[in-house]
Structure formats: C-alpha cells, structure tokens
Amino acid sequence: MTEPAASGPHGGERAPAIEAVDVSRTYQLDGVSVAALRGVSLTVRPGDYVALVGPSGSGKSTLMHLLGGLDRPTGGRLVIGGRDVNALAPPEMATLRNETIGFVFQAFHLLPRTSAVENVALPLVYRGVSARQRRERAAAMLGRVGLGHRLDHRPNQMSGGEQQRVAIARALVTEPTVLLADEPTGNLDSVTGAAVLELLEQLNEESGVALVMVTHDQEVAARAHRRITMRDGVVVADSARPPGADTDPHSAHDRPPSVDHGRPATLVPAPSAEPRSASGSGPGHPSGGSGGAAGATGRLPREAERPQADPREARDAAVGERAAERPGGTT
Amino acid sequence: MRVAEAWRVALDALRANRLRSALTMLGVIIGVASVVLLVAIGTGTKQKVEQQVEGLGSNLLLVVPGRIEVGNAPVVSPLTLKDVDAVNRVVGDPDRVAVTVASGATARAGGRSDFTTVQGVLETTPAVFTRSLARGRYLTGADVDTSRRVAVLGDSVARALFPDRDPLGQQVALAGVRFRVIGVFAPLGQSLGVDRDDEVHVPVTAAQRLWGTQRIDGIAVKAPDRERIDELGERIVAELNRRHPDTEFSAVTQQQILGVLGDILGVLTGVLAAIAGISLLVGGVGVSNIMLVSVRERTREIGLRKAVGARPRDIGVQFLLEAVLLTTIGGVTGMALGVGTALLVDALSPIPAAITWWSLALAFGVSAVVGIVFGVVPAQRAGRLDPVVALRTE
Ligand SMILES: Nc1ncnc2c1ncn2[C@@H]1O[C@H](COP(=O)(O)OP(=O)(O)OP(=O)(O)O)[C@@H](O)[C@H]1O
Ligand SMILES: [Mg+2]
C-alpha cells in the first residue's frame, strides 16, 4: 500500500490517508460515456495541505467525491484509511466516511430547523455517541471555530460565514484524518472567505488533519503546500510550492519551507512504476504521458530535500512557534 | 442512538409539515374510523338479534317442513290441525304447543289501510313465545274453537290504522273480512331491519277459513327442559314423518337459529369491514405518495446524512418511522373517532353498535402494518439514494 519512493528511505513517514492509483470515473449519460476522470493517481498523507485547481469541468469535484468515499471509481484502485473502496459494501463505505473523512461543501449543506450544535453533532449520531457527549463535543468544536456563542442558532439565523464555520465544525467533530473542502469559500464574499480559509489552514495546522481544497483562486492555491492542477480528467501538474516563492508574510512566518517540502506530493503515474524511471512511457496508460511528465518535475526537488524533517516534528514546531508568538494564545 | 435520532427526525418532519401530515393522516383516520364503526354496528346488531332470539322464550323448538338451511326454498306445508293434535300427544301438554299459518294481507279500518302479516295462531302463543299485551286481551281457546273473527294487533298496525282512536272494540277488515280488535301487543321493535310489530294475530281456524286452506305452516313447542329438547324434537319429527312420508321435517332449537343468524351477521360484518378496509388501503396509498414527496423534498438532507456516515439502513429506518408514525397517529385518532361515532349512533339512532376490543386492536395493528407496507418503498428509495446525486439536487 505504501509506495517505496515516499516511505522507503525515511522511517518517519506515516501511512497514506488516501491513495488513488490510476483512478478513473466514467458517467453514463443517456447511453453516452462521459469520462470525468481518466487515470488519476494521487496520495494524500496525514497533515497534507493540498489545493486542487483546474478549469471548470476538469473533474475536481468528481475526484473529491472519490477521495471522500462518496462515490466509487469505475477503474483503478482507491484506498481510503487503509481500506480498498472496491471491496466495501455501502454501509461499510458510510462507516468509513464517518470515521476518516470530513466534508465541507460550497453550499454548506446544514440541516434547516436544526441548531448549530445539533448540526455539528450529526456525524456523531451515526457513530452511536450518547446525546450528552454529542452536545459536549459539538459545543467544544463550535468553540474552536469561534462560534461558542452561537450554539443554539439555526442556519437561517446565521451569516454565510458562520454557516460555513458550523459546517467546518461538523466536518471535524469526528476527528477525521482528511478534510475535503470543495470550493468552501465559493458562496462567501472575499473578506468572509478569507476568514474561513484562515480557519481551515489553522485547523489543518493545529490538529494535523489533511486538508484537500478545491479552489478557483490562484492566490489561495498559492498558499497551499501543494498544488494539484487538473485538466480534462487528468492531473497535469502536482507541485510542492517552491521555497522562497511565498509572498504572504503571515503564511511565510507560520510555515517554514521545511514543512512544505517535508510533505509528500506524490504523483504515481503507474502503480508499479519505478519512481525515477521514465515513468510516463509505461504501456497501457493513456493518461500517463502528461501526468508522468508533471510528476517527474514535481518529484525531483522534493526528493532532494526530504531528509530535512519529519513532517510531524515540523508541524509541532510550527504550532509551538505560533503559540509563542501570540501573547493571548494558549499552549 | 441511531434509532432515537430516527424518531426525532421523523417527528420533526411531521411537525414541519403539519397540514400535509394531517391531510395524509385523514385518509387513515377515515379508514380506521369506518372499520371501527362498521364492526361496532355489525357486532351490536348481532348482539341485539341474539337477545331477541333468546327473548322468544327459552327452550323453544320450531318444527317446520323442509330443511332449515340458508338459501333453501320454502316447502309447501302438508301440516294440518290434525298433525297438531298428534304433536300434542307427543309433547303431552297442549299448552306448550303453538302453531302458525301466516300470509300477507291488507288491513283496513276507517279509510286507512296497512299491508301486514296476518298470523293464524292458537291461544297458547303468548305462553310459548314471550309476548305481552299493551291493551285488551289475547285470543282464547273459545275464540279458536269457534273460529271467532277477533284480532290482536301488533303495535305498528295499531298505530297505522288507529292513529287517533282506541283500536279496542273497533272493526278491522283483513283481506276484506271484518274482524273485531280485542287486544294490542306491547311493542317489540325491529330486528334485522324487520318490523316485528307489523303483524296481526287471529284464531288459526278463522285464518284458515279466510284463506280457504287447512294448512299449518309451522309448529312451535316449548320444551319442559333444556336437556330433553333434542330428544323431543326427534320424536316430533319422527311422528310427523310417519304421518307424511313424502315430506321431510326439521326441528330447530334457538341455539341452531342463533348459529345460522350468527353466520349471516358474521358475513355481513366481514363485508362491511372489508369495504371500510378498502378506504384504509386508499389511505395507505396516500401515505406512500406523501412519503415519496417527503423523500424527494429532503434529498439533499439525505445526501448530507450519508456524507457524514449514515448507512442506507439508517436513512431507510428514518423514513419508515415517519410513515408508521403517520399511520399509527392516524390510526389512534381514527379509533377515537370511530368509537365516538359508534357510541353516538348507538345512543341516538335505532341502529345498535357495540365496541369490541379486538376491533380496536385490529384497527391499530392494521394501520401500523399499512404504514410499514406503504412506507417501505419510499424508505428503500431514500436509503439507496446516491449521496453525490442527492447532494447536487436543488
Ligand atoms: N452525474 C454526472 N453525470 C454525467 N456527467 C457528469 C456528472 N457529474 C459530473 N459530470 C461531468 O464530469 C466532468 C467533471 O465534472 P466535475 O464536477 O468534477 O468538474 P469540476 O472540476 O468540479 O468543475 P467546477 O469547477 O465547475 O466545479 C464534467 O464534464 C461534468 O459534466
Ligand atoms: Mg466542482
């Protein structure tokens, strides 16, 4: 399950949270096949911060649904939380989503006529947590997203930004390993959107939940540690942010380059391909050509810098810095 | 925990659409209420008829030509008053033997007329059947022996012919022949829709003369005790068979009559309940329909619940509960309505109605089953929804 290139030489690597190998997804529309994904390979590791960009219709949402276990690939192999999706029945998929994935949608998707705290507690219902514990945990989570004073408000009594914060709290109340956010700021104005984004980044940093976010905003994408670009159902570029290219002073402070490069941004053109070989040329992979080329360019600098840090330590260090930096901050 | 959530959500859904829930329940309410009401009327009627048959007098034995069966054509009776004498000898006590020869006839008095049943009887009738008089006297042995043209009127006949006069001593023409009214029966009421007060009793001899016949339609015997009633019946039938080898005779007891009537009324009650059950079924279809609407309306909610970890079964149970709540709340309301209406009908109309616990249990059970049966398809549909498609739904 683990690929030698990522974990082999460095014992500190954790098992991937999600591993997609040559995944495709074809829709049947009135007898016509629409290939939304055409052989995508991608690994998400705990703590990752990935921005998924690409033109409309390039397959970003489709990929997010697959990564979150909401949908099944029509081809390839998809392993979420160590479990092969193809081998799971619908109820097992539901449990898998509940345990390992948190979703944040563009449209919030809060239950109407239901208080913020009950909305947040919803995933715990399907985990069999007692009502009192659910409320406690949901209230604590709402506190973390800055809505400790809005527990009993209903969605229609909250602003868009607040609603999205509730949705984020709901996604994280189960302490998932991956948070999937499909254009989470798409329905918000720029100021509110920026605040929500900052919250997501902060949570990614503090709790170590991997954040995979679809965005159309290049600036936002630039802040992520890793940017995956899609076009026509394939990944055309997957790059860790090059060091020094960071123009946001706040973010530069919070995230030393070592963190970025310590994160694996792995594009595997073929399951069995040797990492450094001319991977795109493997037979039987129509999409391998472009994907492989992009992967090769993305991998080289990362490979070189990997010895610098275990991502966990780097993150812990970053959190420590952040806490020390803020006078009112709790440690 | 998951089931508790399903309850909460189902109740919440019903509350959120109060009017729609109420209208959907209305179908079930009407169905259950009509089942309860019609079964109550059927049961009440049966009880009343049984009371009336028992009220005929105890240990009664009816002897008639032919076989007593539902749907059997009546046989022309070969019996005459000579046979009655023979039966008297078998029974040993003429006071325990009553006879009848009956026919429809128009009764006229003072410009009014009433079509009624004229019964030729013996003076023993009030003792054998339990009949009491409101006014005047009954026939005597002398009236019978001398074929006197005297008549005892049923309550309805008395009212129809003498609405503002005392009938006693008045003349009444039966099939054109004048009789003198000597008594009026105390009212008996109706049974099975038949007015039991619509009859006139005259001496059997006068009746036979009126119709120009020697015929006796049937003989009734009041047995001295319950134990010997069957044996007595057999002896009477044997004697009559000996006298009329060409005809078959039957002796039936009250128990047998009750059995036959009970069967008829049971079928009747069943038919009524089945008709009411159809309306319950229609109510169930309404529930199914509204549940499909509910599933469609909440498609996005279903998608979201699935995204956060609801299994297909969790969603299915939630919607099934909603359907079952609709029908059982409707069922309980319908039961209350049915019981209330039945009590009113019983109190305010001549139709008897009796509530039975089993009809209530049945109505409730059926409404719950209707909820399950008609909720299952929408619930399954909800459970199987593709979360991605569901979340995209507007
Ligand atoms: N249910 C479906 N049936 C048929 N085709 C679909 C379906 N869902 C998506 N597609 C197609 O798959 C392709 C990828 O869609 P997807 O929603 O993943 O794009 P996207 O990158 O998220 O676009 P956007 O930026 O506009 O959200 C599109 O061509 C779309 O038309
Ligand atoms: Mg999309």
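You'll find the structure just up there.
Residues numbered from 1 in each chain as written. Chains lettered and ligands numbered in written order. Predicted model: local features only at pLDDT ≥ 70, side-chain atom pairs only at ≥ 80, totals over all residues. Heavy atoms only, no water.

### Quick word on the overall build of chain B
Put simply, the test is: Helical segments are the DSSP runs of H or I of at least four residues, strand segments are the runs of E of at least two, and each set is numbered from the N terminus. The buried label goes to any residue with under 20% of its type's maximum accessible area, the exposed label to any with over 50%, and the partly exposed label to all in between, with areas taken from a 1.4 Å probe on protein chains only. We call two residues in contact when some of their heavy atoms are within 4.5 Å. For the area figures, the Shrake-Rupley method with a 1.4 Å probe applies, and any residue is considered shielded solely by the protein chains shown.
Of regular secondary structure, chain B possesses 13 helices and 12 strands. Relative to its 394 residues, chain B shows a buried fraction of 48%. If you take every contact in chain B between residues at least 6 apart in sequence, the share linking residues at least 24 apart comes to 80%. For chain B, the exposed surface amounts to about 18600 Å²; the carbon and sulfur share of it is 59%.

### Comments concerning the site of ligand 1
To be explicit about the condition: Throughout, the term near means that a residue has one or more heavy atoms lying within 4 Å of the molecule or strand in question. Under this definition, polar contacts are N or O atom pairs within 3.5 Å; protein pairs additionally need one hydrogen-donor-capable and one acceptor-capable atom, and for neighbouring residues in sequence, both atoms have to be side-chain atoms.
Taken together, the neighbourhood of ligand 1 is formed by 14 residues, with S56, G57, K60, S61 and T62 of chain A sitting nearest. Residues lining ligand 1 come from chains A and B. Here an oxygen atom of ligand 1 and a side-chain polar atom of T62 of chain A are 2.6 Å apart. The separation between a nitrogen atom of ligand 1 and a polar side-chain atom of R392 of chain B is 3.2 Å. Relative to its free-state accessible area of 630 Å², ligand 1 is covered by the protein chains to the extent of 70%. The set of elements that each furnish at least two residues to the shell around ligand 1 consists of β1 (18–29) and α2 (60–67) of chain A. Of all the elements, α2 of chain A adds the most residues to the shell around ligand 1, at three residues.

### Notes on the packing of helix α6 (residues 160–172) of chain A against helix α7 (residues 190–207) of chain A
Residue and element names in this part refer to chain A. Rules: Here an axis means a line fitted to C-alpha atoms, over the contact stretch when the element is a helix, while the angle between two N-to-C directions is reported on a 0 to 180 degree scale. For classification purposes, an angle smaller than 35 degrees is called roughly parallel, one larger than 145 roughly antiparallel, one from 65 to 115 roughly perpendicular, and anything else oblique. Left-handed is the label given to a crossing in which the near helix is rotated counterclockwise from the far helix by less than a right angle, and right-handed is the label when the rotation is clockwise. Classification used: nonpolar for Ala, Val, Leu, Ile, Met, Phe, Trp, Tyr, Cys and Pro, charged for Asp, Glu, Lys and Arg, polar for all others including Gly.
One can describe the packing of α6 onto α7 by two numbers: an axis separation of 10 Å at closest approach and a directional angle of 15 degrees. Put simply, α6 runs roughly parallel to α7. Relative to α7, the crossing made by α6 is right-handed. Residues G161, Q164, R165, I168 and L172 of α6 pack against T192, A195, V196, L199, L200 and L203 of α7. Here the residues of the contact of α6 with α7 are counted per class, giving seven nonpolar, three polar and one charged.

### Focus: the pattern of salt bridges
To be explicit about the condition: Salt bridges are counted wherever a side-chain nitrogen of Lys or Arg sits within 4 Å of a carboxyl oxygen of Asp or Glu.
Applying the stated criterion across every chain, the model contains 29 salt bridges over all chains. Across the pair D48 of chain A and R226 of chain A runs a salt bridge, and its minimum N-O distance is 3.3 Å. One end of the pair, D48 of chain A, is in the loop between β2 (32–44) and β3 (49–53); the other, R226 of chain A, is in strand β9 (residues 226–231), with 178 residues separating them in the sequence. Considered together, D48 of chain A and R226 of chain A belong to a single accessibility category, that of buried residues. Several salt bridges converge on common partners, so that one network encompasses E118 of chain A together with E5, R8, R298, E301, R305 and E322 of chain B.

### Focus on the interface of chain B and chain A
The cut-off we apply is this: What counts as buried area is the accessible surface, traced by a 1.4 Å probe, that two parts surrender upon association, with contributions from both included.
Contacts between the two partners involve 24 residues from chain B and, on the opposite side, 28 residues from chain A. Overall, the association of chain B and chain A removes approximately 2200 Å² of surface from exposure, summing both partners, and the carbon and sulfur fraction of that is 62%. A salt bridge links E118 of chain A to R8 of chain B, with the shortest nitrogen-to-oxygen separation between them at 3.4 Å. It is helix α10 (residues 299–307) of chain B that contributes the most residues to the side of chain B that touches chain A, six residues altogether. Along the lines of polarity and charge, the residues of the side of chain B that touches chain A split into 10 nonpolar, two polar and 12 charged.

### A short note on the packing of helix α2 (residues 18–55) of chain B against helix α12 (residues 357–384) of chain B
Residues and elements named next belong to chain B. Closest axis-to-axis distance for the α2/α12 pair is 10 Å, and the angle between their directions is 155 degrees. It follows that α2 is roughly antiparallel to α12 by the angle criterion. As for the relative orientation of α2 and α12, their crossing is right-handed in sense. Seen from α2, the contacting residues are V28, V32, V36 and V39; seen from α12, they are W358, S359, L360, A363 and S367.

### Some thoughts on α7 of chain A
All names here are of chain A. The test is simple: Expected span of a helix: the number of residues minus one, times 1.5 Å.
Taking 1.5 Å per residue, 18 residues should reach 26 Å; α7 reaches 25 Å between its end C-alpha atoms and fits that length. Along α7, the positions that sit buried rather than exposed are G193, V196, L197, L199, L200, E201, L203, N204 and E205. Of the residues flanking the end of α7, it is G208, one or two places downstream, whose phi is positive at about 75 degrees.

### As for a nonpolar patch on the surface
All names here are of chain B. Threshold: Here the term patch refers to residues with relative accessible area over 30% and no salt bridge, with like charges joined within 9 Å and nonpolar side chains (Val, Leu, Ile, Met, Phe, Trp, Tyr) within 5 Å.
Residues L19, L23, L26 and I30 make up a contiguous nonpolar surface patch of about 410 Å² in total accessible area. With respect to the helices and strands, L23 occurs in helix α2. Classification of L23 by relative accessible area gives exposed; the value is 54%.

### What about the nonpolar core?
Operational definition: Take the buried residues of types Ala, Val, Leu, Ile, Met, Phe, Trp, Tyr and Cys, join any two whose side-chain atoms come within 4.5 Å, and each joined set is a nonpolar core.
In this structure, I18, L63, L78, V178 and L180 of chain A together with F319 of chain B are the most contacted members of the largest nonpolar core, which totals 68 residues. Considering every element that reaches this core, the biggest residue donor is helix α11 (residues 312–348) of chain B, with seven residues. Other than its neighbours up to four places away in sequence, L78 of chain A contacts I18, E19, A20, V23, L66, L67, P73, R83, D84 and V85 of chain A.

### Notes on unusual backbone geometry
All names here are of chain A. For D22, which is not glycine, the phi dihedral falls at a positive 50 degrees. Structurally, the position occupied by D22 is in strand β1. Note on D22: relative accessible area 24%, which makes it partly exposed. The phi torsion at D30 lies on the positive side, around 50 degrees, for a residue other than glycine. Within the secondary structure, D30 is located in the loop between β1 and β2. On the basis of relative accessibility, which here comes to 77%, the residue D30 falls in the exposed class.

### Some remarks on the environment of W358 of chain B
Residue and element names in this part refer to chain B. By the element assignment, W358 lies in helix α12. Take W358: its relative accessible area is 41%, and that puts it in the partly exposed class. In sequence terms W358 and V39 are 319 residues apart; their C-alpha atoms lie 9.9 Å from each other.

### Brief notes about the pairing of strand β1 (residues 60–65) of chain B
All names here are of chain B. As a reminder of what qualifies: For two strands to be treated as a pair, DSSP must find no fewer than two bridges joining them.
One ladder, built from four bridges, connects β1 with strand β11 (residues 218–222); its direction is antiparallel. Each bridged residue has a counterpart across the sheet, and for V63 the counterpart in β11 is I219. The pairing of β1 with strand β12 (residues 249–253) spans five bridges and is classified as antiparallel. Each bridged residue has a counterpart across the sheet, and for L62 the counterpart in β12 is V252.

### Side note on α12 of chain B
Residues and elements named next belong to chain B. Selection criterion: What we call the bend at a residue is the angle made by axes fitted to the seven residues finishing there and the seven residues starting there.
Between its first and last C-alpha atoms α12 spans 40 Å; for 28 residues at 1.5 Å apiece the expected length is 40 Å, and the two agree. The sharpest bend along α12 reaches about 40 degrees and sits at V376, with the proline P378 one to four residues further on. Every buried residue belonging to α12 is among S359, A363, S367, A368, V370, G371, F374, G375, P378, A379, A382 and G383, and all of these are buried. The inward-facing, buried residues of α12 abut α2, α9 (254–297), α10 and α11.

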